[in-house]
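Given next are the chains, with one letter for each unit.
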Amino acid sequence: MAVTQKDSSVGVVAVILKALTYDEKRGACSVGTNVRDAACYVCWAFARAYEPQELKPFVTAISSALVIAAVFDRDINCRRAASAAFQENVGRQGTFPHGIDILTTADYFAVGNRSNCFLVIRVIRELAARALHNLAQQAPEFSATQVFPRLLSMTLSPDLHTRHGSILACAEVAYALYKLAAQENRPVTDHLDEQAVQGLKQIHQQLYDRQLYRGLGGQLMRQAVCVLIEKLSLSKMPFRGDTVIDGWQWLINDTLRHLHLISSHSRQQMKDAAVSALAALCSEYYMKEPGEADPAIQEELITQYLAELRNPEEMTRCGFSLALGALPGFLLKGRLQQVLTGLRAVTHTSPEDVSFAESRRDGLKAIARICQTVGVKAGAPDEAVCGENVSQIYCALLGCMDDYTTDSRGDVGTWVRKAAMTSLMDLTLLLARSQPELIEAHTCERIMCCVAQQASEKIDRFRAHAASVFLTLLHFDSPPIPHVPHRGELEKLFPRSDVASVNWSAPSQAFPRITQLLGLPTYRYHVLLGLVVSLGGLTESTIRHSTQSLFEYMKGIQSDPQALGSFSGTLLQIFEDNLLNERVSVPLLKTLDHVLTHGCFDIFTTEEDHPFAVKLLALCKKEIKNSKDIQKLLSGIAVFCGMVQFPGDVRRQALLQLCLLLCHRFPLIRKTTASQVYETLLTYSDVVGADVLDEVVTVLSDTAWDAELAVVREQRNRLCDLLGVPRPQLVPQPGAC
């Protein structure tokens, strides 16, 4: 009877172990999750149902199966169920080997994170391949003799996903074996036999012959083989001069050339894989002699890639820009100026490709990477960064700091400006370490001012990145960046000790600090420009904190006419420089409304026709003339109402503009104007005489300003007489009379 019970137990355990890995493909999906989850529950029940000595013969098999399920099952519920079952057995049985150590690393919560699960204890196949990389370093012989042949046999599986995963796994295992061999100064072929090496070499051609690079599944194959090319190149496989290198190069080029045909969600991954593969391939197989490229290969690659930068497809430009950026130094030697000229053209915004923000971003990244690759060397403009070419590089990077392109995706210029800031930082730090004399004073000033402007703008994560760049440049001391404007004041405002503690993406922490730069003349224009855009934005927290910070600063300079004059002059200069630029002018009008309403310029109201008020009135008139932008017109109404507090001709002209808007062709504008003028006259009671004030407010409140223009015009003219401004003459202009 005991023998029968033992045989029965063996049979049950065998079924449970099989169920823990059960999976079955049905169409495009796989089923088996419920079976594996149920098997974990049975293992959990074993711990409660049996004494330790009864389960002892099966401990090794059950514990191993549960650990594998907890770490490698693709379904989070099954991983957690296996971890729970393992924990229950460790606690109740006490016979599971290394139970506490395993639970500490692969507990219930740890296995819930997919990346953490597959790598420390995206895509399941990629993570599984990287896990095999780690395992191969622990068991190299088993991986080379048992795992690798099986993986190779699966690279031509009719199942797409099996084929994809096995190619990735081959790449990772081969690279892991190379790293082990390299530690002992041995080639990777000491671990992989000739059959394995030949199998790796044939993967690309077999896929090409079977046309497996085409269609939707071809995307996965291209990405997997690009990873294979990278890892085999890094593993220094003995393929130099072999035709397989030409095949690999074709695949990389073809992938980069047709990125626009790849689905958007996997395009970035494909681009990164192809560029990484190219960098590794060139470094290993295209060096003729140490530090020297094969001239024929160099000519072919550079010429072809530069030509692709003019491709009408944006994604193709992106791919080949990054490809040029990934080339090793020996391939750029003697061709640096040519390559930089081509990339600078990509970063330039022209009418026909104004929407190509992604290609401009990748062009900037490529320029920065090339600078890091070639380094700095005096008097060698075709080989390294030097005095002869550094100004051109800086010009290209700084030119992209003004990219505010928008499309259906929003402010896509953000990608360009972020890449420009990062590239400026990388180049400046590179020069500071080797030849700081190449950083000119005017260049450093422009860099710091542009970055400070971005650190005061409205997008939280972007503001945080800009602040990080600004503070990195400020506090870099190996050696310090030369010519930083107001360095001493900046170090007091932004001490090194506060760098890590401030969350620059939080408006409540960022704006009170960045507005302190308004007191430094060099930074005032750019910081105020950024604040204007933030204050006139849409996000409530950004508007609130930027407004409060600006008012706090202006409150501090109310008793200083010189400081207030400098501030107001800067504000007017921003207005003049951005006239009819809706990105700035509309939020600027909102900003002016805020500062006028809160009496920030009350000191100017004691003088008739103050120069500030005169110029502001002229700019506002130009900005809204013939405009059909409702938001701009509404903001303009508020500014004109705020300007009636300035005595003299400015007041009369502001009232005249408001009277013109009372007969605007948009009923909404007429009604809003009447309402705001009504409130303004009650606020500034000295604007009109007390003898006519009641009649004026009555006309404003009782007139149906959305009625026919003929009726409205009569009431408007009556108001003009009461306010003492000339009646507007009817002119054939759209929008006003």
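Keep in mind that this is a model prediction, so the values were computed, not measured.

1. Observations concerning the overall build of the protein chain
Along the protein chain, the regular secondary structure elements total 35 helices and 4 strands. When its C-alpha atoms are laid out on the principal axes, the protein chain stretches across 115 × 75 × 50 Å. For the protein chain, buried positions account for 51% of its 737 residues. Approximately 33200 Å² of the protein chain is accessible, and the part contributed by carbon and sulfur atoms is 53%. Computed over 72 positive and 79 negative side-chain charges, the inter-centroid distance for the protein chain is 4 Å.

2. Observations concerning the packing of aromatic side chains
What the rule picks out here adds up to 17 aromatic pairs. Between tyrosine 208 and tryptophan 250 the ring centres are 5.2 Å apart and the planes differ by 80°, which places this aromatic pair in the edge-to-face class. You can see tyrosine 208 sitting in helix 11 (residues 194-209) and its partner tryptophan 250 sitting in helix 13 (residues 243-257), a full 42 residues away along the chain. The partly exposed category is assigned to tryptophan 250, whose relative accessible area is 35%.

3. Let's talk about the confidence of the model for the protein chain
Taken over all residues, the pLDDT of the protein chain has a mean of 90, while the share at 70 or more is 95%. The least confident element of the protein chain is helix 7 (residues 114-120), whose mean pLDDT is 54; the most confident is helix 22 (residues 441-454), at 97.

4. A closer look at the nonpolar core
A general feature of soluble globular proteins is that nonpolar side chains tend to end up buried together. Counting 205 residues, the largest nonpolar core has Leu192, Leu200, Phe470, Leu517, Tyr523 and Phe601 as its most contacted members. Leu20, Cys43, Phe58 and Phe96 belong to the second largest nonpolar core, which has 23 residues in total.

5. Let's talk about the pattern of salt bridges
Per the stated rule, a full pass over the model turns up 31 salt bridges. Across the pair glutamate 308 and arginine 257 runs a salt bridge, and its minimum N-O distance is 2.9 Å. With glutamate 308 in helix 15 (residues 295-308) and arginine 257 in helix 13, the pair connects residues that are 51 residues apart, well separated along the chain. Note on glutamate 308: relative accessible area 12%, which makes it buried. Judged by its relative accessible area of 23%, arginine 257 is partly exposed. For the salt bridge of aspartate 403 with arginine 360, the shortest nitrogen-to-oxygen distance reads 2.6 Å. Linking aspartate 403 in the loop between helix 20 (390-399) and helix 21 (413-434) with arginine 360 in helix 19 (residues 357-374), this pair joins segments that are 43 residues apart in sequence. One exposure class covers both aspartate 403 and arginine 360, and it is buried. Connected through shared salt-bridge partners, Lys271, Glu358, Arg361, Asp362, Asp407 and Arg409 make up one network.

6. What to know about the state of the cysteines
Evaluation of the coordinates by the stated rule reveals 0 disulfides. In this structure cysteine 170 is a free cysteine whose sulfur lies 16 Å from that of cysteine 226, the closest cysteine sulfur available. For cysteine 170, a relative accessible area of 0% translates into the label buried.

7. Here's the deal with helix 30 (residues 611-624)
Taking 1.5 Å per residue as the helical rise, helix 30 with its 14 residues ought to reach 20 Å, and the 20 Å between its terminal C-alpha atoms agrees with that figure. Of the positions making up helix 30, those classed as buried are Phe612, Ala613, Leu616, Leu617, Leu619, Cys620, Glu623 and Ile624.

8. Some points on unusual backbone geometry
Negative phi values dominate among residues other than glycine, just as trans dominates among peptide bonds. Residues serine 478 and proline 479 are joined by a peptide bond in cis, for which omega reads -5°. With respect to the helices, strands and loops of the structure, proline 479 is situated in the loop between helix 23 (460-475) and helix 24 (487-493). Even without a glycine there, the phi angle at asparagine 185 is positive, about 55°. One can find asparagine 185 in the loop between helix 10 (160-182) and helix 11. A relative accessible area of 75% means that asparagine 185 is categorised as exposed. The phi angle at lysine 236 is positive, at roughly 55°, despite the residue not being glycine. Topologically, lysine 236 is positioned in the loop between helix 12 (215-234) and helix 13.

9. Notes on the environment of isoleucine 124
Its place among the elements puts isoleucine 124 in helix 8 (residues 124-138). The exposure class of isoleucine 124 is partly exposed, given its relative accessible area of 22%. When the C-alpha atoms of isoleucine 124 and glycine 363 are compared, they prove to be 32 Å apart, with 239 residues separating the residues in sequence.

10. Concerning helix 33 (residues 667-683)
Its 17 residues place the ends of helix 33 24 Å apart at the C-alpha level, agreeing with the 24 Å of an ideal helix rising 1.5 Å per residue. For helix 33, every residue scored as buried is listed here: Ile669, Arg670, Thr672, Thr673, Ala674, Val677, Thr680 and Leu681.

11. A short note on the side chain of threonine 428
Checked against the element boundaries, threonine 428 lands in helix 21. For threonine 428, a relative accessible area of 2% corresponds to the buried category. Looking at threonine 428, its side chain comes within polar contact range of the side chain of tyrosine 394, at 2.9 Å. Among residues more than four places away in sequence, those in contact with threonine 428 are Tyr394, Ile439, Ile447, Leu473 and Ile481.

12. Considering the packing of helix 19 against helix 20
At a minimum axis separation of 11 Å, helix 19 and helix 20 run at an interaxial angle of 150°. If you check the angle between helix 19 and helix 20, you find them roughly antiparallel. Considering only the axes of helix 19 and helix 20, their crossing is left-handed. Residues Leu364, Ile367 and Cys371 of helix 19 form the contact with helix 20, whose participating residues are Ile393, Ala396 and Leu397. For the contact of helix 19 with helix 20, a count of residues per class yields 6 nonpolar, no polar and no charged.

Parameters and conventions
- Residues numbered from 1 in each chain as written.
- Predicted model: local features only at pLDDT ≥ 70, side-chain atom pairs only at ≥ 80, totals over all residues.
- Heavy atoms only, no water.
- Helix = DSSP H or I, 4+ residues; strand = E, 2+ residues; numbered from the N terminus.
- Buried < 20%, exposed > 50% of the residue type's maximum accessible area, 1.4 Å probe, protein only.
- Areas by Shrake-Rupley, 256 points an atom, 1.4 Å probe, with all protein chains shown as cover.
- Lys, Arg positive; Asp, Glu negative; His and termini not counted.
- Charge placed at Lys NZ, Arg CZ, Asp CG, Glu CD.
- Phe/Tyr/Trp six-rings, centres within 6.5 Å; stacked < 30°, edge-to-face > 60°.
- pLDDT = per-residue confidence, 0-100.
- Core = buried A, V, L, I, M, F, W, Y, C linked by side-chain atoms within 4.5 Å.
- Salt bridge = Lys/Arg side-chain N within 4 Å of Asp/Glu carboxyl O.
- Disulfide = S-S within 2.5 Å.
- Expected span 1.5 Å × (residues − 1).
- Polar contact = N/O pair within 3.5 Å; in protein donor to acceptor, adjacent residues only side chain to side chain.
- Contact = heavy atoms within 4.5 Å.
- Axes fitted to C-alpha atoms, helices over the stretch in contact; angles between N-to-C directions.
- Parallel < 35°, antiparallel > 145°, perpendicular 65-115°, else oblique.
- Left-handed = near helix turned anticlockwise from the far one by under 90°.
- Nonpolar A, V, L, I, M, F, W, Y, C, P; charged D, E, K, R; others polar.

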